[in-house]
Structure formats: structure tokens, C-alpha cells
Amino acid sequence: MDIVVENLTKKYGPQRAVDNISFRINTGEVLGFLGPNGAGKTTTMKIIACYMAANEGKVKVGDFTIGENTEDIKKCIGYLPENNPLYYDMPVIDYLEFVAMLQGVEKTKVQGRIREMVGICGLNPEKHKKIGELSKGYRQRVGLAQAMIHDPKILILDEPTTGLDPNQIVEIRNLIREIGKEKTVVLSTHILPEVEATCNRILIINKGKIVADGSSASLRKQAQGQEILKVRIEDENDKNIIFQCLKSLDNVAVVDFISASENVFEVQSKPGLSSRRAIFELCVKNKWVLTELSFVETRLEDIFRNLTMN
Amino acid sequence: MNKILIIARKEFLTFFDSLIAYIMLVAFLGFSGFFTWLYGMDIFLRNQADLQAFFAIAYWTLFFFIPALTMKMLAEENKTGTIELLLTKAVTDWQVILGKFFSCLALVGLALALSLPYYITVWKLGPIDHSAVWCGYLGLLLMSATYVSIGLFASSITSNQIVAFLLALFIGMFFHIIFDVMANNFSGIIGETFSYLSVSSHYESISRGVIDTKDLVYFLSIIFAGLILSEISLSKRNVTD
């Protein structure tokens, strides 16, 4: 099921939390929502999850429109809110049963779905406890289990891996990737490596506006106009000679020392050109040994900072 | 309808998971039993085979216990954020409100049902007016429903349970006693208006065995008003200017 968001605006008093944003999420996409605190991530997700109405704009989920067919939409969405609120007084199994019934799972299938979710989310050792007695990680699993219990076509997860240990994080990420193959997944997070690990599309929003949209590779390409290389050259005592020679190459724009003692340089090429061959030939000509020649990738952190800091 | 039942069942079971139900039942039966059988204007002092002593005391115990039941209904969900989880499921705001309303009413109903042994005991003691007893129970149920809906409204506008409890008592106090006192202090149309607004005058006429549509309309309209206000307060997150 696709989600189409058109000109969505949400105001809290005079403040525009979400400011006229439009985007489209296709089936089979795992979309990562990034943005600094207060950027409007959670607000957008709440609107898509039918928790509150927007001031302006339209959200379409499949053939349904929020506000007109809200009941139908709610049935195909699994939602894990921020901070994972749960009924602490209820036992895990009872809670999952309650959610399954509310979401309209057929009575005969309820027990089967619960067993499946308990298995997938690794809740087996804790399933007879009250939710309030569980550790944070297990509560998070309960939150995920309740979001997926009715096998929704769309999953909206607001910071799904907070409070989990590294092993669980890997498990949950694999799970999300697996689900994302046939379903539409929207997740928000502050952990940038997580986005790279799970999402095939990234949406960065800042102050209620979309500032970047694309896969992590295409975002990198956008942010990084020029090729940057890390070069290590040995068998030459005078590093200044190397520096001068590198600088005199045609395609090279800037040369910088990374580590002067070990002859490691950062070489930035002119826009659209590559200087890898030239560096290699330079070394051959001078009988230097080239022990390292690698791309310096712009990290997602840097892209994020560039786009969201003014 | 089915969704209302699911929510009501869950809330009802939660009462028992969190001990509230047991405390409420024991306290209600303990208090009303003590004053019905052992102390004050009890049944033996009245020397009549009726349950007026029980109805008089239940009128007050329920007044205090019901806000304690309703206070967590929406206030706690507002505070912990579970309301967001609940309302993003395939339910409407009305189903949530009605589910919670019926769960509270069911617990009160259970408490009243457990007091039926009093009725049977008195019946064995002497000639009892059965219809008056059943009307008394009906009156208590209608009154309870009224305070449940007021309590739900109080709970829906805050995220603090104490505030919800006190607010429900405060609003309830007007219907329970203040309007009655005012009615006695004024004469003419003002006095009649206050008398009409007072729960006690309607409750008394029902518990005497007279079921008048006027009284039913009175209780039902307060119940609906409370429920509608709760629904409005719950759905105000959707309000866009």
C-alpha cells in the first residue's frame, strides 16, 4: 500500500510543526525519517497513523483518504508510538489478545497470531508476566508485537530500537528489513547508522520542511560534488616533495596533510574529474610505493549536520 | 458494538488485575453492610421488612466510590500516552468512551448484585415489598450511571487522576446535595428548578417504587451530556482552526 502525503501542514498555535510537506512512499520501501528534535517527525507520523488531524493537506493510504475512511486506514496500519506507551497492569498475552480483537483479527486466528508474534519478537520467556514487570527491552518488543499483530500492510515505528541491547537491535533491524520487502515501513530514529542499515530511502526534515529525500548513496552523491581521496605514499623522506608533486597534478584541486609523519594526504580533485590514475603514475615515475589509495566518503552525520544546521 | 464490548471487557478485567475491583467491592459491601445491619438507622431499628436503610447508605457510598473508579479511565491514558495507542487502533472515540462507561457500570452492577443476599435475608425476615426493592436497585443503577458519566468527563479533561477524582466529586456534589439544599431555600419556580436538577429528589421517587418518565429522562439526559462532553474532550486533538 502506498502512502501519499500532499501539502501537509500542522500548526500548534502559531508554530508550524509541519510546514507544507509532500512526499510519497511506495509499497516495499523502508523509509527512514531523520531530523533534529522538534523537526516534525513525530507529528507527521501521528497524522499518518490517524491520531490527529492536520490543519491543511491530504494524506492518502492506498485508495483511502484520512478523514473520510479513517476506520479502514487504521486497520491496515501498525503503529508504535514514541516512548512505547503500554498498559502496565495487563499481562502480555492478554494485551496482545486485546489489540488483536480491536484490530479485527478473526477470533479463530487470534491465538495463532499471538503465538507467531511472541515467537518473532522473542517474548517467549516473559509472556506470562505483567507488562509492568518487564525490562525496557522486552516492553519494546511488546510494542512491536502489538503493532504487527494484525499483519498490517503499513508499519509506522517511532524510534523502534530505543532501549534494546545491541543483539536485539540487530534482530529488530533484520526483522524490519524482512517486513519491508512486502510492506511499507516508515520509521524515525536519531541513530544514523540504523537508517543506513535498515532503510532504502531517507527523508530528512528540518523545521517542518523536507530538506533531503533519497537513498543514502544518492544523498552522499548530492552532498559530495568532488572526489576526495586518502593517499599514503612511502619510500620518500621529504614529504614536501610529495606534497608539491601531488599539487602539480592537473586534476587535483586541494592537497592536505592528514598525518605528516606517515605521509598520508587528503587529495581533493577538481569537480567532475578523478585523479586516481595520475597519482598512481606519479608514484611509478618517482619510484614511490603507494600503500593506500581510498575514497573518503562523506558520512551521513556530516550530511545531516549540513542540512539541518543553519 | 462489538468493539465497545471488547474495550469494556478489557477495562473490567483491568479492575481485577489492579486490585481496584476487590477494594471497591469489599469497601462497598463492608460500609453498606455495617450501616444496614449493625449501626445507626439499621434494619432492626426500623423494624420494617424493607431495604430503605441499605438504599440510603448506598446512595452515599456509591457517590464516593464511583469517582475513584472513573478517575483513572482517561486521565491515566492521557498521562502515559496509551490513549494514542488505543485511538490509532480500529476504534472510534465513541467506542472508547462507551466501552469505559459500561465497564465502570458493570463493576457497580456487580457490587449491587453482591448485595442481593441482604434482600434475600430481609425477605426471610418479614413481608417485603418486592417492587420497591427492585425500583430501589434501578434507582441506584441510574444514579451510578449518572456519576460514571460525570466521572468520565472529569477524567477526560485532565491527565492527573487526583484532579479527575476531585473534579468528579465537585461536579457530583451539586447534583447530590447542593441543588437539594438550594431547592429548600427557594420557593416558586427557582425552587422547583433546583429541585428538578437534584439527583436526590428523582432517586427518592424511584426508590419509593414510582417509575416516572420524568425521572428517567432526567437521569438519561445527564448521562448523555456527560458522555458527549467526554467525547468532545477526547476528540479535541483533531480540532484545527
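Here we summarise the structure given alongside this text.

The rules behind each value
- Residues numbered from 1 in each chain as written.
- Chains lettered and ligands numbered in written order.
- Predicted model: local features only at pLDDT ≥ 70, side-chain atom pairs only at ≥ 80, totals over all residues.
- Heavy atoms only, no water.
- Helix = DSSP H or I, 4+ residues; strand = E, 2+ residues; numbered from the N terminus.
- Rg over C-alpha atoms; globule rule 2.2 N^0.38 Å.
- Buried < 20%, exposed > 50% of the residue type's maximum accessible area, 1.4 Å probe, protein only.
- Contact = heavy atoms within 4.5 Å.
- Areas by Shrake-Rupley, 256 points an atom, 1.4 Å probe, with all protein chains shown as cover.
- Pairing = 2+ DSSP bridges.
- Lys, Arg positive; Asp, Glu negative; His and termini not counted.
- Salt bridge = Lys/Arg side-chain N within 4 Å of Asp/Glu carboxyl O.
- Phe/Tyr/Trp six-rings, centres within 6.5 Å; stacked < 30°, edge-to-face > 60°.
- Lys NZ or Arg CZ within 6 Å of the ring centre and 35° of its normal.
- Axes fitted to C-alpha atoms, helices over the stretch in contact; angles between N-to-C directions.
- Parallel < 35°, antiparallel > 145°, perpendicular 65-115°, else oblique.
- Nonpolar A, V, L, I, M, F, W, Y, C, P; charged D, E, K, R; others polar.
- Buried area = accessible area lost by both parts, 1.4 Å probe.
- Polar contact = N/O pair within 3.5 Å; in protein donor to acceptor, adjacent residues only side chain to side chain.
- Expected span 1.5 Å × (residues − 1).
- Arc of directions from axis to C-beta.

### Side note on the overall build of chain A
If you tally the helices and strands in chain A, you get eleven helices and 14 strands. Computed over C-alpha atoms, the radius of gyration of chain A comes to 25 Å, more than 25% over the 19 Å expected from 2.2 N^0.38 for 310 residues, which places it beyond the range of a compact globule. By its C-alpha atoms, chain A is 80 × 45 × 30 Å across when sized along the principal axes. Every one of the 310 residues in chain A was classed for burial, and the buried ones make up 51%. Restricting the contact set of chain A to residue pairs at least 6 apart, pairs at least 24 apart contribute 67%. Total accessible area on chain A stands at roughly 14,600 Å², and carbon and sulfur atoms take up 47% of it.

### Some remarks on the pairing of strand β9 (residues 201-206) of chain A
All names here are of chain A. With six of six residues buried, β9 lies mostly within the body of the structure. Across the two faces of β9 the burial is the same, with Arg201, Leu203 and Ile205 and Ile202, Ile204 and Asn206 all buried. When strand β3 (residues 30-34) meets β9, the two strands line up parallel, connected through four bridges. The partner of Leu31 across the bridge, within β9, is Arg201. Inspection of the sheet shows β9 paired to strand β10 (residues 209-214) by five bridges, in the antiparallel sense. Of the residues in β10, the one forming a bridge with Asn206 is Lys209. Here β9 folds back onto β10, and the loop between the two strands holds two residues, one of which, Lys207, carries a positive phi near 50 degrees.

### Looking at the side chain of Lys41 of chain A
Looking at the element boundaries, Lys41 of chain A is found in helix α1 (residues 41-48). Despite being buried, Lys41 of chain A has no salt bridge partner; Glu159 of chain A is the closest side chain of opposite charge, sitting 5.4 Å away.

### Focus: the packing of aromatic side chains
Any pair of aromatic rings gets described here by the distance separating the centres and the angle formed by the planes. Taken as a whole and judged by the stated rule, the model has 34 aromatic pairs over all chains. Ring geometry for Phe54 of chain B against Tyr118 of chain B: centres 5.5 Å apart, planes inclined by 85 degrees, an arrangement best described as edge-to-face. Remark: Tyr118 of chain B occurs in helix α7 (residues 116-125) and Phe54 of chain B occurs in helix α4 (residues 52-80); sequence separation between them is 64 residues. Residues Phe54 of chain B and Tyr118 of chain B agree in their burial class; the two are buried. Where Phe55 of chain B meets Tyr137 of chain B, the ring centres are 5.5 Å apart and the plane angle is 90 degrees; that geometry is what we call edge-to-face. Of this pair, Phe55 of chain B sits in helix α4 while Tyr137 of chain B is found in helix α8 (residues 130-156), placing the two residues 82 residues apart along the sequence. With a relative accessible area of 2%, Phe55 of chain B lands in the buried category. Judged by its relative accessible area of 7%, Tyr137 of chain B is buried. Among the aromatic side chains, those forming a connected cluster through ring pairs are Phe28, Trp37, Phe54, Phe55, Tyr118, Tyr119, Trp123, Trp134 and Tyr137 of chain B. Sitting over the ring of Tyr138 of chain A, Arg141 of chain A keeps its end group 4.9 Å from the ring centre.

### Brief notes about the packing of helix α5 (residues 136-148) of chain A against helix α6 (residues 166-180) of chain A
Residue and element names in this part refer to chain A. Two elements in contact, α5 and α6, have axes whose closest approach is 12 Å; the angle formed by their N-to-C orientations is 10 degrees. Classified by the interaxial angle, the pair formed by α5 and α6 is roughly parallel. Contacts between α5 and α6 involve Gly137, Arg141, Leu144 and Met148 on the former and, on the latter, Gln168, Glu171, Ile172, Leu175 and Ile179. Residues that form the contact of α5 with α6 fall into these classes: five nonpolar, two polar and two charged.

### Overview of the sheet that holds strand β1 (residues 3-12) of chain A
All names here are of chain A. If you walk across this open sheet you meet the four strands as β2-β1-β4-β5, and the pairing is antiparallel. Taken across any chain shown, the strands that pair with only one partner, and hence form the sheet edges, are β2 (15-25) and β5 (64-65). In terms of strand pairing, strand β4 (residues 56-61) meets β5 through two bridges, oriented antiparallel. Residue pairing for β5: Lys60 is matched across the bridge by Thr65.

### What to know about the interface of chain B and chain A
The partner chain A presents 29 residues to the 27 residues of chain B that form the contact. Both sides together, the interface formed by chain B and chain A hides about 2,600 Å², and carbon and sulfur atoms give 58% of it. Counting across the chain B and chain A interface gives one salt bridge. At the surface where chain B touches chain A, the tally comes to ten residue pairs in polar contact (both at pLDDT 80 or more).

### Here's the deal with the sheet that holds β3 of chain A
Residues and elements named next belong to chain A. Taken together, the six strands give an open sheet; going across it, the order is β6-β7-β8-β3-β9-β10, and neighbouring strands pair in mixed fashion. Strands with a single pairing partner mark the edges of an open sheet, and in this sheet they are β6 (77-80) and β10. Strand after strand, the sheet turns through a mean of 15 degrees between neighbouring axes, direction not considered. Most of the contacts of α1 go to strand β7 (residues 154-158), to which it runs at about 150 degrees, and overall it touches β3, β6, β7, β8 (184-188) and β9. The strands that helix α11 (residues 300-308) touches are β3, β9 and β10; relative to β9, the one it contacts most, it runs at about 35 degrees.

### Quick look at the environment of Ser149 of chain B
All names here are of chain B. Inspection of the secondary structure assignment puts Ser149 in helix α8. Separated by 33 residues in the primary sequence, Ser149 and Leu116 place their C-alpha atoms 25 Å from one another. Apart from the residues lying within four places of it in its own chain, the contact partners of Ser149 are Phe101, Ile222, Ile223, Gly226, Leu227 and Ser230. Reaching out from Ser149, the side chain makes a polar contact with the backbone oxygen of Ile223 at a distance of 3.5 Å.

### Digging into α6 of chain A
Residues and elements named next belong to chain A. The end-to-end C-alpha separation of α6 is 21 Å, in line with the 21 Å expected for 15 residues at 1.5 Å each. Every buried residue belonging to α6 is among Gln168, Ile169, Ile172, Arg173, Leu175, Ile176, Ile179 and Gly180, and all of these are buried. One side of α6 carries all its buried residues, which in axial view fall inside an arc of 160 degrees. Facing away from the buried side of α6, by more than 90 degrees, are the exposed residues Pro166 and Asn167. Tucked into the core, α6 has its buried residues touching β3, α4 (107-120), α5, β7, β8 and α7 (192-198).

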